[in-house]
Amino acid sequence: MNQLEKIDRENIWHPFSPLAGNKPIGVRKAKGLYIHTLDGRKIMDSISSWWVNIHGHSHPKINKAVSRQAAKMEQVIFAGFTHKPAVDLSKTLKKLLPSNISKIFFSDNGSTSVEVAIKLAIQYWYNLGKPRKKIIALEGAYHGDTFGSMSVAERNLFSAPFNDLLFEVEFLPFPKGDGAAAIASMKELASEEIAAFIFEPLVQGAAGMQMYAPEVLDELISIAQSKKIICIADEVMTGFGRTGKMFACDYLKNDPDIFCLSKGITGGYLPMGVTAVSQPIVEAFDVADRLKAFFHGHSYTANPLACAAANASMKLLLKKSCQEDIARIEASHKAYVESFVANEKVDEIRYRGTILAIELKADDAGYTSDIKERIYDYFMERNMLLRPLGNVIYIIPPYIVTNQELNKMYKAIDAFLKELLND
Ligand SMILES: Cc1ncc(COP(=O)(O)O)c(C=O)c1O
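Residues numbered from 1 in each chain as written. Predicted model: local features only at pLDDT ≥ 70, side-chain atom pairs only at ≥ 80, totals over all residues. Heavy atoms only, no water.

**Student:** If you had to explain the pattern of salt bridges to someone new, which residues and values would you point to?
**Tutor:** Applying the stated criterion to the full structure yields twelve salt bridges. Between Lys6 and Glu10 there is a salt bridge; the shortest N-O distance is 3.5 Å. Here Lys6 and its partner Glu10 are both found in helix 1 (residues 3-11), four residues apart, which amounts to about one turn of the helix. Among the residues examined, Lys6 registers a relative accessible area of 41% and is labelled partly exposed. Note that Lys320 is salt-bridged to Glu324, the shortest N-O span being 3.2 Å. You can see Lys320 and its partner Glu324 sitting in helix 11 (residues 320-339), four residues apart, about one turn around the helix. Taken together, the shared-partner salt bridges connect Lys176, Glu348, Arg350 and Glu359 into one network. (Salt bridge = Lys/Arg side-chain N within 4 Å of Asp/Glu carboxyl O. Helix = DSSP H or I, 4+ residues; strand = E, 2+ residues; numbered from the N terminus. Buried < 20%, exposed > 50% of the residue type's maximum accessible area, 1.4 Å probe, protein only.)

Okay, here's the thing in structure tokens:
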């Protein structure tokens, strides 16, 4: 253990690991696809460091944009002031989002983008004088770690200490296959009591990259919107090319009323949350009565450095070459899935856009599956960060990954599965 790791263990509380098992690895630098550790290892970051750095680590264009912005203005209060980096970003996002989206609200991360969305939806009905408070969500959902975002997510081991403090939510069955059960449940629940329906479009990330069809989601949105229920697309993970299109909702015919964005928005440089809101909702707040204002604001709202990183990242993302990279990764995953030899240890292999997932059979399937550590250690021993979601191995690479590097990941997965077969 080096000095940095030693002091870390004395002082720092890392997320998601029991304190006793906390063994963080000291990192010297990160560049492109690779994390360079203090002990001289070069680890392939196959999951874009928790799904954020879509262009790889330390990209020269984003580096330059952030350092230029830092020399001009690092931060300014966003109540009563504005600046070019935020305005530029709002213009780009509005061009890419459906035409019903009218305003961009900035916050700090994925969880806060969801908090803002839920609060806006509930206050919308309050401002109209027709209070609706109930929310519909999907079984298996994950929307963040704050109380509101935990409330609209699956109750599980992580939420257990807080379950009786979370507000009540109606859950639809996960819309697998033709989604008949979810659709029937939505038909039953959709009423004038429901304020909003929140969902991770097409791919539930934390649930284990669980995928479902756009046609089913379209149907759910259509039923919800027929009762004027506000549809909130949590694109925190799926946004910015992850599913093969700019947003997962680009696969839909129906436009959601609110989008939550974060993670890839700044290319993984700085934390930022965006809640993009449609015109009818904005109008309910655009009134003379000051008590109907939206009283929500974080200190770092629209931080200029984060906006500068986001603008540079968006510029890279919109380049033809980056769009081609996304299509190339998707084609590569497709070829791997199609040539995958059925394996008695594998329950399902699936992909959507740049996301590939291999779900292993497990009696204790789920995030805390026993096999999780074995998977993590196996790939780390081979200098590959493939941090599984329980019994689900997945790849969600930065778009700069080469075909050769992808093949290396597939081969390592094949070798791991072979080892499992020999158990
Ligand atoms: C769909 C979704 N929503 C919200 C969040 C929370 O984002 P953050 O970790 O930035 O708070 C996540 C994080 O993984 C997510 O996958």
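**Student:** Quick one: what's the story with the packing of aromatic side chains, residue by residue and with numbers?
**Tutor:** By the definition in use, this model includes 16 aromatic pairs. Taken together, a centroid distance of 5.1 Å and an interplanar angle of 80° make the contact between Phe158 and Tyr367 edge-to-face. Linking Phe158 in the loop between helix 6 (147-151) and strand 6 (169-172) with Tyr367 in the loop between strand 14 (355-360) and helix 12 (371-381), this pair joins segments that are 209 residues apart in sequence. Clustering of aromatic rings is evident, with ring pairs tying together Phe105, Phe285 and Phe294. Here Lys42 stacks its cationic end above the ring of Tyr34, 4.4 Å away from the centre of that ring. Taking NZ or CZ as reference, Arg382 lies 3.6 Å from the ring centre of Tyr378, over its face. (Phe/Tyr/Trp six-rings, centres within 6.5 Å; stacked < 30°, edge-to-face > 60°. Lys NZ or Arg CZ within 6 Å of the ring centre and 35° of its normal.)

**Student:** Kindly report on the site of the ligand, identifying the contributing residues and their values.
**Tutor:** Taken together, Trp51, Asn109, Gly110, Ser111, Tyr142, His143, Gly144, Glu200, Asp234, Val236, Met237 and Lys263 make up the full set of residues near the ligand. In the model, an oxygen atom of the ligand is placed 2.9 Å from a nitrogen or oxygen of the Gly110 main chain. In the environment of the ligand, an oxygen atom lies 2.6 Å from a nitrogen or oxygen atom belonging to the side chain of Ser111. A total of 390 Å² of accessible area belongs to the ligand in isolation, and the protein chains cover 83% of it. Here the shell around the ligand is built from residues that sort into four nonpolar, five polar and three charged. (Near = heavy atom within 4 Å. Polar contact = N/O pair within 3.5 Å; in protein donor to acceptor, adjacent residues only side chain to side chain. Areas by Shrake-Rupley, 256 points an atom, 1.4 Å probe, with all protein chains shown as cover. Nonpolar A, V, L, I, M, F, W, Y, C, P; charged D, E, K, R; others polar.)

**Student:** How would you summarise a nonpolar patch on the surface if you had to cite specific residues and measurements?
**Tutor:** Together, Phe16, Trp50, Leu157 and Phe158 make up an exposed nonpolar region whose accessible area comes to about 410 Å². Mapped onto the fold, Phe16 is located in the loop between helix 1 and strand 1 (27-31). (Patch = residues over 30% accessible without salt bridge, like charges linked within 9 Å, V, L, I, M, F, W, Y side chains within 5 Å.)

**Student:** Summarise a negative patch on the surface; cite the residues concerned and give the values.
**Tutor:** Taken together, Asp363, Asp364, Asp370, Glu373 and Asp377 make up a surface patch of like negative charges. When its relative accessible area of 33% is taken as the criterion, Asp364 is described as partly exposed. (Lys, Arg positive; Asp, Glu negative; His and termini not counted. Charge placed at Lys NZ, Arg CZ, Asp CG, Glu CD.)

**Student:** Tell me about the sheet that holds strand 4 (residues 101-107), and name the residues and values.
**Tutor:** Taken in spatial order, the seven strands of this open sheet run 4-12-11-10-7-5-6, and their pairing is mixed. Strands with a single pairing partner mark the edges of an open sheet, and in this sheet they are strand 4 and strand 6. Across this sheet, the average inter-strand angle for adjacent strands is 20°, counted without regard to direction. Sheet topology places strand 5 (residues 134-138) next to strand 7 (residues 194-199); three bridges connect them, and they run parallel. In the sheet register, Lys134 faces strand 7, and the bridge partner there is Ile194. Where helix 7 (residues 180-189) meets the sheet, it contacts strand 5, strand 6 and strand 7, and its direction lies at approximately 150° from that of strand 6. Its contacts with the sheet place helix 8 (residues 214-226) against strand 5, strand 6, strand 7 and strand 10 (230-234), and it is angled at close to 170° to strand 7. (Pairing = 2+ DSSP bridges. Axes fitted to C-alpha atoms, helices over the stretch in contact; angles between N-to-C directions. Contact = heavy atoms within 4.5 Å.)

**Student:** Requested: an account of helix 3 (residues 60-72), with residues and values cited.
**Tutor:** Taking 1.5 Å per residue as the helical rise, helix 3 with its 13 residues ought to reach 18 Å, and the 19 Å between its terminal C-alpha atoms agrees with that figure. Listed in full, the buried residues belonging to helix 3 are Ile62, Val66 and Gln69. All buried residues of helix 3 fall inside an arc of 65° around its axis, so they share one side. Opposite its buried face, helix 3 presents the exposed residues Pro60, Lys61, Arg68 and Ala71, each directed more than 90 degrees away. As for helix 3, its buried residues are in contact with helix 4 (84-96) and helix 10 (304-318). (Expected span 1.5 Å × (residues − 1). Arc of directions from axis to C-beta.)

**Student:** Quick rundown of the domain arrangement of the protein chain? Include the residues and the values.
**Tutor:** As assigned here, the protein chain comprises domain 1 (3-58 + 321-421) and domain 2 (62-317). Taken over C-alpha atoms, the centre of domain 1 sits 26 Å from the centre of domain 2. With 31 residues of domain 1 in contact, the opposing surface of domain 2 contributes 32 residues. Together domain 1 and domain 2 conceal approximately 2,600 Å² of surface at their shared face, both sides included; 61% is due to carbon and sulfur atoms. For domain 1, the biggest contributors to the area lost against domain 2 are Trp51, His55 and Arg352; these three give 27% of the whole. Counting the contacts that link domain 1 with domain 2 gives one salt bridge. On inspection of domain 1 and its partner domain 2, the count reaches 14 residue pairs in polar contact (both at pLDDT 80 or more). If you list the elements that add at least two residues to the side of domain 1 that touches domain 2, you get helix 2 (48-51), helix 11, strand 13 (346-352), strand 14 and strand 16 (392-395). Classifying every residue of the side of domain 1 that touches domain 2 gives 18 nonpolar, eight polar and five charged. (Domains from an automatic or database assignment. Buried area = accessible area lost by both parts, 1.4 Å probe.)

**Student:** Got a sec to walk through the sheet that holds strand 13? Specific residues and values, please.
**Tutor:** What the three strands build is an open sheet, ordered 13-14-16; its pairing is antiparallel. The sheet is open, and its two edges are formed by strand 13 and strand 16, each paired on a single side. When strand polarity is set aside, the average angle formed by the axes of neighbouring strands in this sheet is 10°. As paired strands, strand 13 and strand 14 are joined by six bridges and run antiparallel to one another. Bridged to Glu348 within strand 14 is Glu359.

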